[in-house]
2 protein chains.
Amino acid sequence: MSVAQIGEFGLIDRVTARLAHGPATLLGPGDDAAVIAAPDGRVAASTDVLVEGRHFRRDWGSARDIGHRAAAANLADIAAMGGSPTALLVALCMPPELDPGWAEELADGLAAEAATVGAGVVGGDMSASPTLTIAVTALGDLGGRPPVTRSGARPGDVVALAGRIGHAAAGLTVLSRGFRTPRLLVEAYRRPEVPYAAGPQAAQLGATSMIDVSDGLVADLGHVARASGVGIDVRRDAFEVPRQMRDAAQALGADPYTWILGGGEDHALVASFPPEVALPPQWRPIGRVVDGSGVTVDGEPYAGPAGWDHFR
Amino acid sequence: MSVAQIGEFGLIDRVTARLAHGPATLLGPGDDAAVIAAPDGRVAASTDVLVEGRHFRRDWGSARDIGHRAAAANLADIAAMGGSPTALLVALCMPPELDPGWAEELADGLAAEAATVGAGVVGGDMSASPTLTIAVTALGDLGGRPPVTRSGARPGDVVALAGRIGHAAAGLTVLSRGFRTPRLLVEAYRRPEVPYAAGPQAAQLGATSMIDVSDGLVADLGHVARASGVGIDVRRDAFEVPRQMRDAAQALGADPYTWILGGGEDHALVASFPPEVALPPQWRPIGRVVDGSGVTVDGEPYAGPAGWDHFR
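Quick caveat, the model's predicted, so the values are computed rather than measured.

**Q** I keep staring at the relation of the copies chain B and chain A and nothing clicks. Help me out?
**A** Put simply, the two copies of the chain differ by a rotation about an axis and a shift along that axis. Relative to chain A, chain B is turned by 180° and slid 0.0 Å along the rotation axis, the superposed coordinates differing by an RMSD of 0.0 Å. Taken together, the rotation and translation describe the operation of a two-fold axis. Taking C-alpha positions as the reference, the residue of chain B nearest the rotation axis is G41(B), at 2.3 Å. Here 100% of the contact residues of chain B are again contact residues in chain A; the copies associate through an equivalent surface.

Right under this line is the structure:
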């Protein structure tokens, strides 16, 4: 069976039948547009695209895993503004010979990840394409607060991190060398565990800037430093290197800090806070905002690979 | 020069520099998410994807034309709910060897089409891909009115059409046979003229159902008939066949009604209205909602090609 055999409308019916509505879904899939609640009169919106061979490989995770990852990448962007995700829309481009079961499992993964934050998959589009491509748009609610942008970091602010870091990058290295363990790292790559609730929490605590770590910690803090007109110094000893990561690094001849400082896709949240803010335990201080520009590690320029450019 | 040479962030900078904000844009491109006004506490949202070779060809129109078409397809979905578009988000997947100027002109076309309805291009994503792919999400405001869905048509309602029909399909046939004229038809394919304002107008007039004609008139009315549990009969003599379309049909040995009844992508709006509604001139009656199921033309089953399945 292929998606070409059941056709566009057949596949849309099969996929939408698997999607649950979120509480904000006023009108779900099946019409020209969906309608989603935007209780404070604003909506936060972000789009990310995943292309097979660049952002995922079908042999490195199940369709369901890829659905989780695609949803997480977008939902994390809403959290990084201090928002709560309400809805996803998904454009799916598939080779006509693809098994429709793959698309159904992808939808299950997207819907399951969205459901962890109470969001629904409310709409989308499908097309045949030689290249399997998943473009996801996430919508979210800011709860009446100003969005937490990249541009508000001020010298003296504490830089803190919520969520795991380096795990997904380590898992990707493990997979790309043909291994399937350690499980902690491989699973972190397949299904990021995003600290969604820490986003609105940071906004409530008075975060001055926030971003989700998708390109790599140093690269993403570089976006914050540039947008805010400040420098950021990160302390290497702020990061715990779990045993499995240390073992994998040793086995593969890698430096775990390359994963921690340069690897993305865990979708950790990193934010700056005024120094007087008492940080709850899920926000671990990792550095300081300073006068100047750029990102340093222990006061030195960072020499490792800084992040990922999707055209290079 | 290629997009690979200037890189992801370089291209994002070049493209976003060309985008104007709409009045609903509270926070534009450059952060983890955009923030858009949703004045009535709801947002209408729709996603459409265009794949090179399936939905467009680079030799059949300029990048700017393709931007207009991609935006129009999505903006029309918001209008078809009775809404006013507020914002577009765009995921663009490009072969690394593509000229960055092509992406910039595409952005110009997207922004120009959005600007015709006061919407801004507020965010997006870019990636390299072997297949040039444009996924657009449109957001819109319903002005405090209920959305006009596909499911409210009732027997006795008048079916009326706003906008051009068959022009884009005729233009596509002309282009696919290697011609570049008649200009009216070719331009209609390259840049659909969508009657955006007729969408909210229909909602205000009390339309019971509405859809935009993207798959083909009979196919799209079929969606309405199925969702509403009714039949729809269309009168062939309700459609004016312009001279250029008649001439092109004769020259190509085609039936112009195949374009009018089966061709999509003009993004005309078709709606049903209670019979007592006085229709303004831009809404031309073309048929009736009846008891039963399916779509008929002059009381007979329609034998022509009904529409387009993107997997076949």
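**Q** In this structure, what is going on with the packing of aromatic side chains? I would like to understand it.
**A** The relation between two aromatic rings is expressed through the spacing of the ring centres and the mutual angle of the planes. A complete count under the given rule lists 4 aromatic pairs over all chains for this structure. Considering the side-chain rings of F273(B) and W283(B), the 5.3 Å spacing of their centres and the 75° angle between planes classify their relative orientation as edge-to-face. Of this pair, F273(B) sits in strand 10 (residues 269–273) while W283(B) sits in the loop between strand 10 and strand 11 (284–290); the two residues are 10 residues apart in sequence, bridging distant segments of the chain. Note on F273(B): relative accessible area 1%, which makes it buried. Exposure remark for W283(B): the relative accessible area of 2% places this residue in the buried category. The lysine or arginine in question, R236(A), covers the ring of Y257(A), its NZ or CZ lying 5.0 Å from the ring centre. Taking the ring centre of W102(B) as reference, the NZ or CZ of R58(B) above it sits at 5.9 Å.

**Q** I tried to follow the UniProt feature "binding site: Mg(2+) 2" (unreviewed entry) in chain A on my own but got confused; where do I start?
**A** When the UniProt feature table is mapped onto this chain, "binding site: Mg(2+) 2" (unreviewed entry) is found at D48(A) and D77(A). Of the residues just listed, which span 30 residues, no C-alpha pair is farther apart than 9.2 Å, and they cluster in one region. By the secondary structure assignment, D48(A) is in strand 3 (residues 42–51). Classification of D48(A) by relative accessible area gives buried; the value is 17%. Leave out the neighbours within four places in its chain, and D48(A) touches A73(A), N74(A), D77(A), I134(A), A135(A), V136(A) and D125(B). With respect to the helices and strands, the residue D77(A) is situated in helix 2 (residues 63–79). With residues up to four places along the chain from it excluded, the contact list for D77(A) reads S46(A), D48(A), D212(A), D32(B) and A33(B). In terms of polar contacts, D77(A) uses its side chain to reach the side chain of S46(A), at 3.2 Å.

Calculation notes
Residues numbered from 1 in each chain as written. Chains lettered and ligands numbered in written order. Predicted model: local features only at pLDDT ≥ 70, side-chain atom pairs only at ≥ 80, totals over all residues. Heavy atoms only, no water. Least-squares fit on C-alpha atoms with pLDDT ≥ 70 in both. Contact = heavy atoms within 4.5 Å. Phe/Tyr/Trp six-rings, centres within 6.5 Å; stacked < 30°, edge-to-face > 60°. Helix = DSSP H or I, 4+ residues; strand = E, 2+ residues; numbered from the N terminus. Buried < 20%, exposed > 50% of the residue type's maximum accessible area, 1.4 Å probe, protein only. Lys NZ or Arg CZ within 6 Å of the ring centre and 35° of its normal. UniProt positions renumbered as here; feature names shortened; annotations may be inferred. Polar contact = N/O pair within 3.5 Å; in protein donor to acceptor, adjacent residues only side chain to side chain.

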